There are 2 protein chains.
Amino acid sequence: MRQLPERTVERLSQYRRVLLRLLSIKKEYIYSHELASLLHITAVQVRRDIMLIGHTGTLRLGYKIKDLVDLISTIIDTPGKRNLAIVGIGNLGQALINYIASNQDKIIPVAIFDVNEKKIGSTFHGVTCYSMDMMEEIVKKESITIALLTLPPQFAQSTANRLIEAGVKGIMNFTPTLLNLQGAFLEQYDMITSLEKVAYFSKPKFFVS
Amino acid sequence: MRQLPERTVERLSQYRRVLLRLLSIKKEYIYSHELASLLHITAVQVRRDIMLIGHTGTLRLGYKIKDLVDLISTIIDTPGKRNLAIVGIGNLGQALINYIASNQDKIIPVAIFDVNEKKIGSTFHGVTCYSMDMMEEIVKKESITIALLTLPPQFAQSTANRLIEAGVKGIMNFTPTLLNLQGAFLEQYDMITSLEKVAYFSKPKFFVS
DNA sequence: ATTTTTTTGTTAGCTTTATCACAAAATCAA
DNA sequence: TTGATTTTGTGATAAAGCTAACAAAAAAAT
């Protein structure tokens, strides 16, 4: 199958989460418009996404939830698991590791790196924190392919370079540093930009020039 | 001026941050291609954004940084400040309040709400935590127009409804609940979807069917 | 049996966002 | 002075993403 549009992949992830919940309450089939309304999008959008992944529903019955979940899984998951590292275990890093470990089971946090002597050697949500010096070694040994950057911005670029060099293929950058990467997929989350965007689009009409 | 494209607003926020740093080291003018390379985008994109906000540079000299920063500010900021509330002050809420309070000064955290008796009455980064019962009252009294949701997902929709009813105009939702809002701008950040997207696009070629 | 309703699948078109290509003007080089 | 170079500003075009519209088929209603 050809590489899917980014937005479709995002929605597939959301479809699956919603569908798993429905499966757990024994729902078997779902109509495009039902799924759409759960995500607050249109039914056509749902049907188009499902078409793109090559699944086909039953007329008048809708889509078989189990089959759809399985197909989405074979598409967006890697067979087996993916190992993940978190670099910088401050407040945000801790929030993320808890959240990730509790909310899905295909992407496994296996290592944490930090400079803080007090944190090195201790565990967070069962995952060991190592010194930054160990990064290359552990990334290779544990086959880590995804990394989260939650460290001070000035170290983001050099850390990203080291991670990619050691074999990481996907990076989520939570620092405001604008990274320049070669050979890895980058997902940037810039809190301040996001906040300023909300401020702009929610500006009282009053102030709009 | 007509409402700007979402992407342009995001980039304006980033331009400003980069430009402020350059101003602080006494740089006066900047070329579109310089700014572009700092953000890892194209020079045309930069010029088009600047065109959209009605600014004009000097041929052969580039853009006057001070003027550009001022213009971006009049466009994306509200005159005066905006007050912000954080609902749910767990690990993530604490990470966000610290980050927001330290990294910009137009959007001010003025209230926190939580259900935890131990947290109510105490302060985080100088901001008081109130009981959830006080939400409507405080939102009105403090003229809060932006809210961050970092509470358990099952309470996200009802809390959002209450906030909007009380006057909030922009909501950043960090829970995986897909909200249905009327009368407020919504920015959703779904960590798991984002992570699954990175996993998909960084999947070893090997596995791509 | 025929008509109406429901629901999928898909084409064509629309909107939004990004890029190409180039004119215009300022400066520099010869 | 003339020609080359640099850099902005923008119309035209392309790419990505979304939606409208409708055919096809199954089921339900009459």
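Calculation rules
Residues numbered from 1 in each chain as written. Chains lettered and ligands numbered in written order. Predicted model: local features only at pLDDT ≥ 70, side-chain atom pairs only at ≥ 80, totals over all residues. Heavy atoms only, no water. Helix = DSSP H or I, 4+ residues; strand = E, 2+ residues; numbered from the N terminus. Buried < 20%, exposed > 50% of the residue type's maximum accessible area, 1.4 Å probe, protein only. Contact = heavy atoms within 4.5 Å. Areas by Shrake-Rupley, 256 points an atom, 1.4 Å probe, with all protein chains shown as cover. Domains from an automatic or database assignment. Near = heavy atom within 4 Å. Polar contact = N/O pair within 3.5 Å; in protein donor to acceptor, adjacent residues only side chain to side chain. Nonpolar A, V, L, I, M, F, W, Y, C, P; charged D, E, K, R; others polar. Pairing = 2+ DSSP bridges. Least-squares fit on C-alpha atoms with pLDDT ≥ 70 in both. Buried area = accessible area lost by both parts, 1.4 Å probe. Salt bridge = Lys/Arg side-chain N within 4 Å of Asp/Glu carboxyl O. Core = buried A, V, L, I, M, F, W, Y, C linked by side-chain atoms within 4.5 Å. Axes fitted to C-alpha atoms, helices over the stretch in contact; angles between N-to-C directions. Parallel < 35°, antiparallel > 145°, perpendicular 65-115°, else oblique. Left-handed = near helix turned anticlockwise from the far one by under 90°. Expected span 1.5 Å × (residues − 1). Arc of directions from axis to C-beta.

1. Describing the overall build of chain A
From N to C terminus, chain A includes eight helices and nine strands. The proportion of buried residues among the 209 residues of chain A is 50%. Counting only contacts in chain A whose residues sit at least 6 apart along the sequence, the fraction spanning at least 24 positions is 55%. Here chain A has roughly 10,100 Å² of accessible surface; of this, 54% comes from carbon and sulfur atoms.

2. Let's talk about the domain arrangement of chain A
Domain boundaries in chain A define domain 1 (6–75) and domain 2 (82–193). With centres defined by C-alpha atoms, the gap from domain 1 of chain A to domain 2 of chain A works out at 31 Å.

3. Comments concerning the protein's contact with DNA strand D
Every one of the 24 residues lining DNA strand D counts as a neighbour, but B:Ser32, B:Arg48, B:Thr56, B:Gly57 and B:Arg60 are closest to it. Between DNA strand D and the protein, one listed contact pairs a phosphate oxygen with a side-chain N or O atom of B:Thr56 at 2.6 Å. Residue assignment for the surface near DNA strand D shows that the elements contributing at least two residues are helix H1 (6–24) and helix H3 (43–52) of chain A together with helix H2 (32–39) and helix H3 (43–52) of chain B. Residue composition of the surface near DNA strand D, grouped by class: eight nonpolar, eight polar and eight charged.

4. Topic: the protein's contact with DNA strand C
Taken together, 23 residues sit near DNA strand C, with A:Ser32, A:Arg48, A:Thr56, A:Gly57 and A:Arg60 positioned nearest. When the atoms of DNA strand C within 4 Å of the protein are grouped by moiety, sugar and phosphate amount to 57% of the total. Between DNA strand C and the protein, one listed contact pairs a base oxygen with a side-chain N or O atom of A:Arg47 at 2.7 Å. Looking at the surface near DNA strand C, the elements that each hand over two or more residues are helix H2 (32–39) and H3 of chain A together with helix H1 (6–24) and H3 of chain B. Examining the composition of the surface near DNA strand C, we find that four residues originate from one element, H3(A), more than from any other. By residue class, the composition of the surface near DNA strand C is eight nonpolar, eight polar and seven charged.

5. Observations regarding the sheet that holds strand S8 (residues 170–173) of chain B
Residues and elements named next belong to chain B. An order of S5-S6-S4-S3-S7-S8-S9 is seen for the seven strands of this open sheet, with the pairing classed as mixed. Looking along the sheet, the strands with just one partner apiece sit at the ends: strand S5 (123–124) and strand S9 (185–188). Bridge count between strand S3 (residues 82–87) and strand S7 (residues 144–149): five bridges; the pairing is parallel. Counterpart to Ala85 in the pairing with S7 is Ala147.

6. Here's the deal with the relation of the copies chain B and chain A
Placing chain B over chain A gives an RMSD of 0.1 Å and needs a rotation angle of 180 degrees, together with 0.0 Å of translation along the axis. Such values leave the two copies arranged in the relation of a two-fold axis. Take the interface residues of chain B: 100% of them recur as interface residues in chain A, which is what a same-surface contact looks like.

7. Description of the interface of chain B and chain A
In many analyses, interface size is given as the accessible surface area lost on bringing the parts together. With 67 residues of chain B at the contact, the number on the chain A side is 67 residues. Between chain B and chain A, roughly 6,300 Å² of surface is buried when both sides are summed, and carbon and sulfur atoms account for 63% of that area. Applying the counting rule to chain B against chain A returns ten salt bridges. Counting residues per element, the side of chain B that touches chain A draws most heavily on helix H8 (residues 191–201) of chain B, which supplies eleven residues. Partitioned by chemical class, the residues of the side of chain B that touches chain A number 36 nonpolar, 17 polar and 14 charged.

8. Notes on the nonpolar core
Membership of the largest hydrophobic core comes to 93 residues, with the highest contact counts inside it found for A:Leu19, A:Leu148, B:Leu19, B:Leu148 and B:Met191. The dominant element in this core, judged by the number of residues it contributes, is H8(B), at seven residues. Setting aside residues up to four positions removed in sequence, B:Leu148 forms contacts with A:Met191, A:Leu195, B:Leu84, B:Ala85, B:Ile86, B:Val87, B:Leu96, B:Ile100, B:Met172 and B:Phe174.

9. Things to note about the packing of H2(A) against H3(A)
The axes of two packed helices give the description: the angle between them and the distance between them. All names here are of chain A. Viewed as axis vectors pointing N to C, H2 and H3 meet at an angle of 110 degrees, and their least axial separation amounts to 8 Å. On the basis of their axis angle, the class for H2 and H3 is roughly perpendicular. For the pair H2 and H3, the sense of crossing is right-handed. Between H2 and H3, the residues in contact are Ser32, His33, Leu35 and Ala36 and Ala43, Val46 and Arg47, respectively. Split into classes, the residues belonging to the contact of H2 with H3 amount to four nonpolar, two polar and one charged.

10. Re helix H4 (residues 65–76) of chain B
Residues and elements named next belong to chain B. Its twelve residues place the ends of H4 16 Å apart at the C-alpha level, agreeing with the 16 Å of an ideal helix rising 1.5 Å per residue. By the burial criterion, the buried members of H4 are Ile65, Leu68, Val69, Ile72, Ile75 and Ile76. Take H4 and look down its axis: the buried residues cluster within an arc of 130 degrees, on one side only.

11. With respect to the sheet that holds strand S5 (residues 123–124) of chain A
Overall, mixed pairing links the seven strands, which are arranged S5-S6-S4-S3-S7-S8-S9 (chain A) in an open sheet. Here the strands that pair on one side only, and so sit at the sheet edges, are S5 and strand S9 (185–188) of chain A. Pairing analysis gives four bridges linking strand S7 (residues 144–149) of chain A to strand S8 (residues 170–173) of chain A, with the strands arranged parallel. The residue bridging A:Ile146 from the neighbouring strand is A:Gly170, located in S8(A). Against the sheet, H8(B) touches strand S3 (82–87), strand S4 (107–114), S7, S8 and S9 of chain A, its axis set at about 150 degrees to S8(A).

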